[in-house]
Each structure stands twice: as structure tokens, then as C-alpha cells.
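What the coordinates show
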Amino acid sequence: MIYGDHELPLKIETDGLSITMERLGDIIRYTRDLGDSIVEKQIATKVDRVIIHPVEPMLLPQQLTRLLLVDFEVPLNIQPGKSVEINLSVPVDIAVFPYEKNTGEPLDVFTLARTKLTLFGTPDTGHICRYWRSSIVEKPSTVEVHKEGWLSLTIRNDTGSWVQVNRTILEGHAMKLFFNENLVRMRGKMKITGKRLAETSVSDKSPQRGMTKSLEVMSQGLLKAFTGKFIMEGEL
């Protein structure tokens, strides 16, 4: 697993990914090879360690969106007043940070997962989202930890009638990821208040014991009053 702290010089080769970092005087030479793309950087810094973490999956390409839309392979019908927890796979991006007291912007961000965007709503008032499609599973299992993670989503139907749910959308600026050597995980909530209306949010609590909290990219510079909630209006 590549996640964690690493001392320089560094050489990682796994899952079609190669990262090398070496110091040449006051300069660090960084090379990242994904097979079909190679990125080379020269970085003037005194740091001799880096941190590699899974991060919010809305940073590529060029952080065009702050939202992740997860489409259910099979719709979920929820009875009135019912609350249920489901597990969905989600993509992850990967960031390389300098190891500093106040870790700032990453040196590099990339992904091994497929990157696709979609529009939720109308062209005039809709939202661009990172798109992902997932089946619903009973509990998280081992996946390609450098490509995918798990969202444990609690859905509550506060309406007086049955509601069909086809997707959920989460706000990336509030997203909190946790990881261990086998899994990347996060928690979220979806409160249905109408046939075509729901509110989603993410949790800052670890989904399970012994997991490490990832560094965040999208939350940097946000006001503390930011709630991280998103209102879904339209076909759920």
C-alpha cells in the first residue's frame, strides 16, 4: 500500500503506478508514471519526507466540480419513516503532500479510477458532478484500495409515502476520508423530505476503529460555518 509517510529517496511501483523522488542538492526531482501519462516536476524544498493519502474524488480534471454523484445500479425503494444503511463504492483521488508542520497544497494529485463528469438537473440550473456507478452491498469488502473506497450511507425517508432512490450526491468540501491497509471509507447521510427533495451530508467520524484520517484538499481555506450539506432537487 502506498498510503502513509515516506522518506526520501522514494520509489513506489504498484497497480500500474510508479512514483520516484530523489534529492539533487536543494531540488527534489519527482516523477509519476501511470503508464499512459508521465508527470515530471522539480521542487525546491527542504523537506525530506512526503505523505501520500487518498483524497476527495473531485480534484480531477482541474477540480471542475465540488460534487460526487453515485448512481445506484438498481434503484432502492424505501417505505415511509424507514431508515436504512447501505454501502456503495466510490472513486478516490490520491495526493502527495510535503511532510511539514502545516501541510498545505499537495505536490501532485492523480487518480487510478475512471474520471467521468455528468450533469444533475437542467443545463441552466443544474450541477456538474463527478460520476460513479455502484451496486449496493451489505458491508464493505476489499477492493482496489488505490482506486476505490466505500461510502456507508444512511438514508432516511421522512415522507409519508414510498420513495424510490436512484442516486446520491455528496459535497466534496466537507468530505472526510479514512483509510487502513485494506480499505478507504467514509460516512454520509441522506434525508428524504419529498418525492423529489433530499438533503445529504457527510460525517467527520471514522467508520471503524483503527483507521487513519486522510489529509484534506478541498476544505482548505473554508469558513468554519460551512455546513457541507447539499440539497438534491429533482429525480432522486
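Above: the structure in question.
Now for a description of the structure that goes with this document. Predicted model only: the values in this text are computed from it and were never measured.

**Description of the overall build of the protein chain**
Helix and strand counts for the protein chain stand at zero helices and 20 strands. Relative to the 2.2 N^0.38 estimate, which gives 18 Å for 236 residues, the radius of gyration of the protein chain is 19 Å and therefore close to what a compact globule would have. With the principal axes as the frame, the protein chain shows a C-alpha extent of 65 × 40 × 35 Å. Looking at the protein chain residue by residue over its 236 residues, the buried ones come to 49%. In the protein chain, 72% of the contacts between residues at least 6 apart in sequence involve partners at least 24 apart. Both charge centroids of the protein chain, one from 30 positive and one from 30 negative side chains, sit 7 Å from each other.

**Description of the pattern of salt bridges**
According to the stated counting rule, one finds 14 salt bridges in the structure shown. Asp108 serves as the salt-bridge partner of Lys41, at 4.0 Å between the closest nitrogen and oxygen. A residue pair is termed long-range when its members are at least 10 positions apart, and Lys41 in strand β5 (residues 38-44) and Asp108 in strand β10 (residues 108-110) qualify at 67 residues. Residue class for Lys41 comes out partly exposed when judged on its relative accessible area of 30%. The salt bridge partner of Arg130 is Asp93, with a shortest N-O separation of 3.5 Å. Note that Arg130 is positioned in strand β12 (residues 127-134) and Asp93 in strand β9 (residues 93-98), a separation of 37 residues in sequence. Exposure class is identical for Arg130 and Asp93. Each is buried. Beyond isolated ion pairs, a larger network of salt bridges with shared partners links Arg32, Lys41 and Asp108.

**Some remarks on the pairing of strand β14 (residues 148-157)**
Burial analysis of β14 places eight of its 10 residues in the buried class, which makes it a mostly covered element. Both strand β8 (residues 83-91) and β14 contribute to a ladder of nine bridges, which runs antiparallel. Paired with Ser89 across the strands is Trp150, a residue of β14. Relative to strand β17 (residues 184-194), β14 is paired through eight bridges, and the arrangement is parallel. In the sheet register, Leu153 faces β17, and the bridge partner there is Gly188.

**Some details on the packing of aromatic side chains**
Scanning the entire structure with this criterion turns up one aromatic pair. Here the basic side chain of Arg49 rests over the ring of Tyr99, its NZ or CZ set 4.1 Å away from the ring centre.

Reading the values: the criteria
Residues numbered from 1 in each chain as written. Predicted model: local features only at pLDDT ≥ 70, side-chain atom pairs only at ≥ 80, totals over all residues. Heavy atoms only, no water. Helix = DSSP H or I, 4+ residues; strand = E, 2+ residues; numbered from the N terminus. Rg over C-alpha atoms; globule rule 2.2 N^0.38 Å. Buried < 20%, exposed > 50% of the residue type's maximum accessible area, 1.4 Å probe, protein only. Contact = heavy atoms within 4.5 Å. Lys, Arg positive; Asp, Glu negative; His and termini not counted. Charge placed at Lys NZ, Arg CZ, Asp CG, Glu CD. Salt bridge = Lys/Arg side-chain N within 4 Å of Asp/Glu carboxyl O. Pairing = 2+ DSSP bridges. Phe/Tyr/Trp six-rings, centres within 6.5 Å; stacked < 30°, edge-to-face > 60°. Lys NZ or Arg CZ within 6 Å of the ring centre and 35° of its normal.

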